[in-house]
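# Coordinate analysis (summary)
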Amino acid sequence: MTLCFQKKIPHKFWEIEYDGVLSSQVTCRIVTELLKFIVFERQQIPAPFEQLLQSQNEEEFSRKRIHSRKTGVSLNSKRKCHFVENFESVIRNLESAFKCCHKIEQILVLLGGTVVNPKEIYVIKLPTPGTYEGKLLNMKPCIRNFFRKIITSDLFGDLKLLPTTNLYVLIQAPRNAKIEWFLPKLTYNFKHPSRGRVLTLSISSNCIVHETELTLGNASAFEISGVEPLLDGTLDNGVNTSLYDNLSNLCINDGSTSDELSCENMAVQLLNNTTSNEIDDELIWFQAPVSVKGFKDKVTTKTSKATDIWG
C-alpha cells in the first residue's frame, strides 16, 4: 500500500508601496506593462511585445506592397499575428475597463491550459479605491521604479521552464461596474485556483485614503427627518426594518390612510434600494473572452532582456 501526499505549492508575495498617489491611468499602465513582462520572461513569446508588434506591422506592410496573393504566409507568422491581435485586444480593453471603473481591486493572470487548472497564477492587488491625500505621481518614474524592484527581486528565479501555453486575464470589480468586453464569471463566489505556483504582487500607496461610500458601520452618522438609523430592527432574513417601523408609526399617528400607504411604500422602496446597493457593490470576477496562446520563433535575429526596456 502506497500513501501519496500532495506537495504544498509555495506562494510568493511582494508588496510595492509608493510614496504618493497613483492615478487610475498610471495603475493601468503598470498592469499592462507587467502583462508584457510576464509573457516575455516566461518565454511565451520569442521577443518583447513591442518588437513583435513592430515586426508584425513590417510584414503586413511588405505583403501589401507586393500585392501578390500567391505569396504564402508561414505557420509561425500566423501564430504571431494571432498572438498580437488577441494580446492587443486584452490590453486595449483593460485600458477601457480602468477608464469606466475606478473600483477595480485585483487583476488575475493565469498561465496554463485552462482557468481551472493553470500552471502559474499571478495575483495583482491594486490600491484600495477611495480618495487619497498626497502628491500625484508621474507615470514614467512609477513604471521605472516598479520594474527595477521586480527585476532586482528576481521574480521568476525559482520557476521551472514553462512551455508555450494559454494566457487568461480576469479583473475583480463591483457587479454594477459598466465594464464591456470582459464577461462576468457565472460561477458564484469564484475564487482564483489553488493549483499552480501563486505569485502575489501588491501595489499600494502610503497616502491617507478616505472612503467615500456609506456603509452600515457608520449609519449612525446621519438621520432622515428625525428617524433613527437603520441599526435596531431586522427581519428574519437580516434586512433592517427600523426605518419601516418609524415611518409607519409616523403615518399612523397622523391618521391619514393615503399618507400611511405612501410612507409604507417609501419604506419598502428604501429597504429594497439598500439591498440592491449591497448586491451591486459585491465584487465579482470578469474574464477576458479570449485566451492568448504563446508561440516560439525558430529563427530569432535578436535576443533581448527585460533590462533593455525598463532598466
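The coordinates are above.
Remember, predicted model here, so these are calculated numbers, not experimental data.

## Some words on the side chain of Ser77
Topologically, Ser77 is positioned in helix H3 (residues 75-100). Relative accessible area serves as the criterion here: at 15%, Ser77 is assigned to the buried category. Aside from chain neighbours lying at most four places away, what touches Ser77 is Gln56 and Glu59.

## What to know about the environment of Pro118
In this structure, Pro118 sits in strand E3 (residues 118-125). For Pro118 and Val198, which are 80 residues apart along the polypeptide, the C-alpha to C-alpha distance reads 10.0 Å. Other than its neighbours up to four places away in sequence, Pro118 contacts Leu110, Leu111, Gly112, Pro193, Arg195 and Gly196.

## What about the pairing of strand E7 (residues 197-205)?
Of all the nine residues making up E7, eight are buried; the element is thus mostly covered by neighbouring parts of the structure. Strand direction decides the pairing type here: strand E1 (residues 11-18) and E7, joined by eight bridges, are parallel. Within E7, the position partnered with Glu15 by the bridge is Ser202. In the sheet, E3 pairs with E7 via six bridges, with the strands oriented parallel. For Glu120, the partnering residue across the bridge sits in E7 and is Arg197.

Parameters and conventions
In this numbering scheme, every chain counts its residues from 1 along its sequence in written order. At least 70 in pLDDT is required for a residue's local features to be given in this predicted model, at least 80 for side-chain atom pairs to be given and counted, and no such filter applies to totals for whole chains, interfaces and linings, which use all residues. Side-chain measures here rest on the full set of heavy atoms in the structure, leaving out hydrogens and waters. Only DSSP runs of H or I with at least four residues qualify as helices, and only runs of E with at least two residues qualify as strands; both kinds are numbered from the N terminus onward. Only protein chains enter the accessibility calculation, which uses a 1.4 Å probe; a residue whose area is less than 20% of its type maximum is buried, one above 50% is exposed, and one in between is partly exposed. In what follows, a contact means two residues having at least one pair of non-hydrogen atoms within 4.5 Å. Note: two strands are recorded as paired if DSSP finds a minimum of 2 bridges between them.

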